[in-house]
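Geometric and topological summary
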Amino acid sequence: MAASLDGFIARKDGRVDWLETSDEFAGGDTMTPDFIKAFLETIDCYVMGSRTYETALRFEAQGLGWAYGDKPTFVLTSRELPRTRDTVEFHSGELAQFVNGRLRPAFRTIWFAGGGAVSAECLRLGLADEVRYSILPVLIGDGIPFFDKLDRDIALHLAEVKAYKSGMVELRYEVRKHRDESGNAT
Ligand SMILES: NC(=O)c1ccc[n+]([C@@H]2O[C@H](COP(=O)([O-])OP(=O)(O)OC[C@H]3O[C@@H](n4cnc5c(N)ncnc54)[C@H](OP(=O)(O)O)[C@@H]3O)[C@@H](O)[C@H]2O)c1
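Residues numbered from 1 in each chain as written. Predicted model: local features only at pLDDT ≥ 70, side-chain atom pairs only at ≥ 80, totals over all residues. Heavy atoms only, no water.

With respect to the nonpolar core
- Formed by 23 residues in total, the largest nonpolar core has its most connected members in F74 and L103.
- The element best represented in this core is helix α3 (residues 95-103), accounting for five residues.
- Not counting the four nearest positions on each side in its chain, L103 is found in contact with V47, F74, F98 and I110.
- Judged by nonpolar contacts, the second largest core, of twelve residues, contains I43, Y46, M48 and L57. (Core = buried A, V, L, I, M, F, W, Y, C linked by side-chain atoms within 4.5 Å. Buried < 20%, exposed > 50% of the residue type's maximum accessible area, 1.4 Å probe, protein only. Helix = DSSP H or I, 4+ residues; strand = E, 2+ residues; numbered from the N terminus. Contact = heavy atoms within 4.5 Å.)

Regarding the site of the ligand
- Surrounding the ligand, one finds 23 residues, the nearest of these being A2, R51, T52, T77 and S78.
- In the environment of the ligand, a nitrogen atom lies 2.7 Å from a nitrogen or oxygen atom belonging to the backbone of A2.
- A distance of 2.9 Å separates an oxygen atom of the ligand from a polar atom in the side chain of R79.
- A total of 940 Å² of accessible area belongs to the ligand in isolation, and the protein chains cover 82% of it.
- Elements supplying a minimum of two residues to the shell around the ligand: β2 (8-10), α2 (50-61), β6 (110-114) and α4 (116-124).
- Among the residues making up the shell around the ligand, the classes are represented as ten nonpolar, ten polar and three charged. (Near = heavy atom within 4 Å. Polar contact = N/O pair within 3.5 Å; in protein donor to acceptor, adjacent residues only side chain to side chain. Areas by Shrake-Rupley, 256 points an atom, 1.4 Å probe, with all protein chains shown as cover. Nonpolar A, V, L, I, M, F, W, Y, C, P; charged D, E, K, R; others polar.)

Just geometry here; none of it tells us what the structure is for.
So, in structure tokens, the structure goes:
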């Protein structure tokens, strides 16, 4: 996800107006449409929390398009939500079982699109192999955190750093697997 430098992915009320920043970093790379297209092609399916889905529906209703193309998109929810396209599927229940039992055998690159509740849950359950964290050149003071309340430390390996002309810095971390008392990776 993309976060403010102070670690928020949205304002408390869900607004992401601050994502439009106006910085310029002369030494940065340019994110071309071809680069974005090639990158999106590497993603096989999306998983997201219901509040992120509701934001995506709002954007679509405002004419801003659907960000997840024609890729299968799994929305985690215990509620009845509107379904505007065939590629969207709702899921409720145990997340680890769903990801390991249903998604991993079918998809190579599973992209957790957010938000903060789902990203924390994903790390807490030991489901994430990588964390992609993009920092935007802005501080917003308060909001929804990138990782909502983790209950333990998660050790990471910094695998890649990229800076863009827009002033955004993209960090890619690999999650260093933690072993429980029985030696199982979590
Ligand atoms: N800056 C960015 O790059 C970025 C990216 C993504 C999202 N966002 C923003 O983040 C905000 C949403 O984040 P959020 O943390 O409030 O909510 P979220 O993670 O999108 O959704 C959380 C909801 O998903 C449902 N859920 C079902 N199973 C779950 C599970 N195993 N773990 C966690 N949640 C589960 C629950 O709702 P039910 O009541 O439906 O069961 C839960 O309240 C939005 O404003 C969105 O725009 C920003």
